[in-house]
Structure formats: structure tokens, C-alpha cells
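# Observations on the three-dimensional arrangement
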Amino acid sequence: MPQEVGGALHPSFRIRQQFRESLRINRGIGKAEADARAIELLEGAGIPEPQAALKRYPHEFSGGQLQRIAIALALAPRPDLLVLDEPTTALDVTTQRIVVEALRKLATEEHVAVLFISHDIALLGEYADELVVMYAGEIVEHGPVASVLSRPRHPYTRALVDAVPSPGRTELPASIPGLPPGRVVEGECAFAPRCSYAAPRCVEEKPALRTVGVDHSARCCRVSELTLDAATELGESVARAPGDVILTARDVVVEYNAGNRSRVRAVDKVSLTLRKGNLTAVVGESGSGKSSLGHVIAGLQRPSSGSIEFDGAELPEDPMRRSKLQRRRIQLVFQSTSGSLNPRRSVGDHLHHVAGCFLEPARRQAAVEEVLESVQLSSHLLNRYPNELSGGQKQRVAIASAFLADPAVVVCDEITSGQDVSVQAAILETLARMQATHDTAVLLISHDLGVVRAIADDVYVMRGGSVVEQGRTDDLFASPQHDYTRNLMAAAPQALDAAGAFPSVAP
Ligand code: SF4
């Protein structure tokens with residue numbers, strides 16, 4: 001099953017045809033038998049009214065339902081092994097849990113071995129039996145999931161575990177310095193340039209995979225000397241006092257045309273306050289209206305009703321009528337950097353273009369150099385194009401261009417979604433540092449409660465377009481009042497304990 005569910009299901013065939021085709025080709029099964037098998041699997045995957053579902057097209061299902069249908073389709077010809085490539089990356093926590101539960105149930109019933117490729121360590125910690133950790137094209141650690149995560153024996157695994165944000169942790173997760181080599185390295189340990197335990201002999205020979213416990217092995221020549229039980233130092237806790245109010249949204253409503261002259265209400269009378277130097281998070285499942293709200297504040301979308309007061313003045317209802325200063329002072333960082341960075345512009349051209357929109361000519365060069373340094377990107381990246389950067393570097397360029405305008409408010413829309421935990425930790429560190437330096441109000445839209453817990457001062461929980469709960473982050477996580485908030489927290493991967501650590505097992 002590919003990562004993009006669109007690659008697993010044909011958009012112009014009904015679900016029934018897709019099951020029939022797979023079963024005819026793989027098993028030589030006729031239509032009636034194929035339909036019966038499809039209904040059995042769709043039922044097992046928790047798809048409501050499977051009989052009716054067979055007559056529908058992929059676009060008529062939600063993302064989570066499509067993912068479950070794709071799993072059912074992959075299991076239809078009774079394979080021995082199912083390979084899933086990042087199947088839950090784009091899903092919110094609740095949908096993710098439903099999909100993985102469906103996968104586990106179906107795989108158990110069908111006696112299928114599952115190879116689950118993922119960067120979500122907390123999720124794997126909860127569902128996998130065995131864990132294989134790869135770095136630079138090689139296995140660096142392998143063993144039963146509980147023992148690998150609670151007693152990692154390779155420094156890279158230790159660093160990955162420490163980079164996992166958790167609803168139980170109040171500190172920023174620690175990032176791993178440097179970048180992976182992106183190729184197999186011969187004659188030395190590939191992790192050596194980033195390893196805080198590296199010794200001269202690590203670059204003199206390539207470490208072999210050594211047995212370190214029952215069915216547990218690690219590729220590190222210092223494995224017998226190192227004790228990696230204690231977490232490496234975590235980032236700082238980001239508790240901040242409430243700042244002055246810079247932006248207030250009042251009773252914002254966003255409606256979309258849904259065809260047949262009907263309207264869908266995506267945001268329903270939401271009011272929200274952003275404060276200088278504070279980070280406010282909006283959490284909720286896909287479709288909760290959080291991105292629409294962020295787009296209204298950033299000026300990408302006109303609200304159907306409601307008002308926004310920014311720095312003591314009402315913003316025009318039509319975002320196109322915002323003044324140049326207002327546009328400069330409210331910036332947006334998108335989830336997808338492929339949408340926000342022009343592939344034909346080098347990093348330098350991109351940043352100079354942004355500086356050219358907002359800054360005096362005399363200040364531009366210095367401002368570009370300054371902002372690049374503050375997001376910790378080297379100046380030799382100025383000549384690179386987006387396709388020559390890693391995902392984390394691209395997101396840091398996007399953060400740099402937002403802060404280049406010296407904004408008072410930055411809206412960050414799922415900026416770490418789809419990134420692996422170490423890249424995510426580096427992006428969060430950058431955001432926290434930039435925010436502190438510029439005393440900016442940040443609105444973070446996220447479905448990751450671990451990220452929100454680590455970095456936010458205030459949280460708004462949205463569901464079906466409305467805010468169902470709001471409060472200071474510590475209070476809300478310590479004592480969630482609304483059932484929906486409690487459900488969201490329960491749906492977050494639970495492999496990490498209350499202190500944000502993987503529960504330990506006997507050595
Ligand atoms: S071999 Fe050396 S550099 Fe490589 S992971 Fe082990 S301690 Fe670190």
C-alpha cells in the first residue's frame with residue numbers, strides 16, 4: 001500500500017470494480033464471490049453499510065475511510081505479507097487510530113504478516129511486535145519493539161526516541177544535529193558525524209550488527225561500553241507569561257458553497273485571542289475548521305461574517321483591502337513547502353524576493369543574512385533550489401521568509417506534519433527561537449497533541465467548526481473538561497508514559 005491512498009485506489013472506478021479486478025487477476029475469482037469477499041473485508045474494516053459502499057467512488061469517502069478501504073483491497077487476494085508505506089502520515093490522531101485498529105484486526109483475522117514503514121515511533125511502539133531502525137540505508141538496530149524503545153542500544157535510536165513529542169512532556173523534544181548522508185557510507189559508522197558518543201575508532205571501521213540481547217541487535221562498535229538508558233538532555237520548557245493582546249477574532253464564520261445551492265459551515269462563530277510572544281495552538285481532527293480559521297486570520301480567506309481586530313484596529317472584511325503594513329505584519333507558513341517555495345527560485349532569490357516586498361533596499365541583504373543565520377541554515381544554501389534541500393531545511397526557509405517580514409503574528413498551518421521526529425524537533429526549536437527573538441504571536445494549527453504540549457501557551461480545541469474547549473496548555477492537559485478533548489488525548493499514541501518515556505521492560 002503506497003503512502004498516498006490515491007495511488008492505491010483508482011478514482012474513476014467504483015469500489016466494487018476495484019475488488020473484482022484484484023480478485024479476478026490474483027485469484028481467478030468470479031464477480032459474486034468477489035463481492036462477498038469485499039463485503040466481508042469492508043465490514044471488518046469498519047466501513048458503514050459495506051453493500052452500499054461497493055457502489056460508491058473513492059471521492060465519496062473520507063480520508064480515513066479510504067485508507068481502510070485500501071487496506072481491505074490489499075488484503076482481498078489473501079496475501080502472506082502486506083507492506084504499508086507510511087499509511088497514517090497524513091491522518092489526524094483519531095482517524096489514525098481507527099485505521100491502525102482496523103489494520104490490526106484484519107491482519108490478525110487474515111493471518112497476514114505486516115511490514116509497517118513509518119516515522120511515527122510512538123505509534124509503532126504501541127502496535128508493532130518488532131522494530132527495525134534504519135539509518136543511511138542500513139539496519140542500525142533491530143529487536144522486539146518494547147526492548148528497542150525502552151532500552152535503545154544504538155545512539156541514533158536513543159536520539160529518535162528523545163525526539164518524540166508527547167502529551168506527557170512539557171519540554172521541546174531534542175533534535176539531532178546535522179543531516180543524514182542520504183547514501184550508504186563505507187568504511188566507517190554512517191552516524192559518526194552526528195553522534196555525541198563518537199570515538200576515533202568509529203571512523204576507522206564500519207561497525208557490524210552485534211547481538212545485544214534476546215533477538216536484539218545493534219550496529220555500534222561502542223555498544224558494550226555505552227549506557228543509553230537515560231534520555232539525552234531535552235530542550236527547554238517553554239512556559240511564558242501571557243503577553244499583551246495583539247489580535248482578536250470575534251464570531252468568525254466561514255461557509256463554503258457545497259453545490260445544489262447549499263452551504264457548508266466550516267467555522268461557526270469562533271472567537272480567539274493571540275498574545276505577543278505567546279504561542280496559541282488550535283487542535284482538532286481533519287475537517288474541524290482549524291485551517292479555515294487560520295486562513296481567515298492570515299488573509300487568505302474572506303470570512304462569511306465576524307471580525308478581526310489587529311493591533312487596536314479592525315481589519316477590513318475583504319483581505320484584499322488590508323494595508324501593505326497589515327499584510328506584512330501577519331504572515332503564514334504552509335504545511336506543504338512545495339506549495340510555498342517556488343521550485344524555479346533558489347533560496348537566496350526567494351528570500352530576496354520576500355525582502356523586496358517589505359523592506360527598504362538598504363536593509364535587504366543584511367536582513368536575509370540575519371534571518372538565515374537565526375534559522376540556523378548555512379549561507380551556502382542560498383544558491384540551492386528547493387529540490388536540493390531536505391524537508392526540514394525547506395520548512396526552515398519557509399519560517400525564515402515569514403519572519404523576514406518582521407511580523408507581529410505568524411500562522412503556522414501543520415508545519416511539522418509528515419516530517420520525521422528528528423526533523424520535527426528541529427523545526428519546533430527554530431520556531432520557538434524565532435518567536436522569542438521577535439516577540440511574535442504564533443498561531444499553530446496542529447493535530448499533534450505532543451507538539452502542542454511541548455510548545456503552546458494556550459490551546460483551543462475545535463470540533464465541527466466550533467471551539468469546544470480552550471485554556472492554558474498546562475491546565476487543559478492536566479484536566480481536560482470536554483469529552484472530545486479527552487477522546488483526542490486518548491487517541492494520541494500511548495506508547496509514551498506520562499513522563500514522555502517509553503515504559504521500560506526488564507533487561
Ligand atoms: S559506532 Fe561510534 S559513531 Fe557510530 S553510533 Fe556507535 S558510538 Fe556513535
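Heads up: the structure comes first, above all this text.
Every value quoted in this text rests on a predicted model; they were computed, and no experiment measured them. (Residues numbered from 1 in each chain as written. Predicted model: local features only at pLDDT ≥ 70, side-chain atom pairs only at ≥ 80, totals over all residues. Heavy atoms only, no water.)

### With respect to the environment of Arg97
Checked against the element boundaries, Arg97 lands in helix H5 (residues 93-110). Relative accessible area serves as the criterion here: at 17%, Arg97 is assigned to the buried category. A distance of 3.1 Å separates a polar atom in the side chain of Arg97 from a polar atom in the side chain of Glu126. (Helix = DSSP H or I, 4+ residues; strand = E, 2+ residues; numbered from the N terminus. Buried < 20%, exposed > 50% of the residue type's maximum accessible area, 1.4 Å probe, protein only. Polar contact = N/O pair within 3.5 Å; in protein donor to acceptor, adjacent residues only side chain to side chain.)

### Concerning the pattern of salt bridges
Counted according to the given criterion, the structure contains 23 salt bridges. Arg158 serves as the salt-bridge partner of Asp162, at 2.9 Å between the closest nitrogen and oxygen. Here Arg158 and Asp162 lie together in helix H8 (residues 155-162), a separation of four residues that amounts to about one turn. As far as the burial class goes, Asp162 and Arg158 line up, both buried. The shortest N-O distance in the salt bridge between Asp458 and Arg472 comes to 3.2 Å. Of this pair, Asp458 sits in strand E15 (residues 458-463) while Arg472 sits in strand E16 (residues 466-472), and the two are 14 residues apart along the sequence. Judged by relative accessible area, which is 26%, Arg472 ranks as partly exposed. One salt-bridge network, held together by shared partners, links Arg37, Glu40, Arg78 and Glu110. (Salt bridge = Lys/Arg side-chain N within 4 Å of Asp/Glu carboxyl O.)

### As for the nonpolar core
Grouped together as the largest cluster of nonpolar side chains are 64 residues, with contacts concentrated most on Phe19, Leu42, Ile69, Ile71 and Tyr156. With seven residues, helix H4 (residues 63-75) is the largest single contributor of residues to this core. The residue makeup of this core includes at least three contributed by each of domain 1 (5-118) and domain 2 (127-218). Ignoring anything within four residues of it in the chain, the contact list for Phe19 reads Ala38, Leu41, Leu42, Leu54, Ile69, Ala72, Leu73 and Ala76. Core analysis: the next-biggest nonpolar cluster, separate from the first, contains 52 residues, Ile399, Ala402, Leu431 and Leu488 among them. (Core = buried A, V, L, I, M, F, W, Y, C linked by side-chain atoms within 4.5 Å. Domains from an automatic or database assignment. Contact = heavy atoms within 4.5 Å.)

### Remarks on the site of the ligand
Taken together, His154, Pro155, Cys189, Ala192, Cys195, Tyr197, Ala198, Cys202, Pro207, Cys220, Cys221 and Arg222 are the residues near the ligand. Judged by the proximity of its atoms to the pocket grid, the ligand belongs to the second largest cavity. By residue class, the composition of the shell around the ligand is 10 nonpolar, one polar and one charged. (Near = heavy atom within 4 Å. 1 Å grid on protein atoms, 1.4 Å probe; cavity = no way out; pocket = protein on both sides within 12 Å on 5 of 7 lines; lining within 4 Å. Sits in = over half its atoms within 2 Å of the grid points. Nonpolar A, V, L, I, M, F, W, Y, C, P; charged D, E, K, R; others polar.)

### Considering empty space enclosed by the protein
This structure, assessed with the given rule, holds five cavities of 30 Å³ or more. Of all the secondary structure elements, the ones that give two or more residues to the lining of the largest cavity are H5, helix H6 (121-127), helix H15 (421-438) and helix H16 (449-455). The biggest single contributor to the lining of the largest cavity is H16, with three residues. Along the lines of polarity and charge, the residues of the lining of the largest cavity split into 13 nonpolar, 14 polar and six charged. Surrounding the second largest cavity, 15 residues form its lining, Pro155, Cys189, Cys195, Cys202 and Cys220 being those nearest its centre. Across the lining of the second largest cavity, the residue classes tally to 12 nonpolar, one polar and two charged. (Points joined across faces, edges and corners; volume = space filled by probe spheres on them.)

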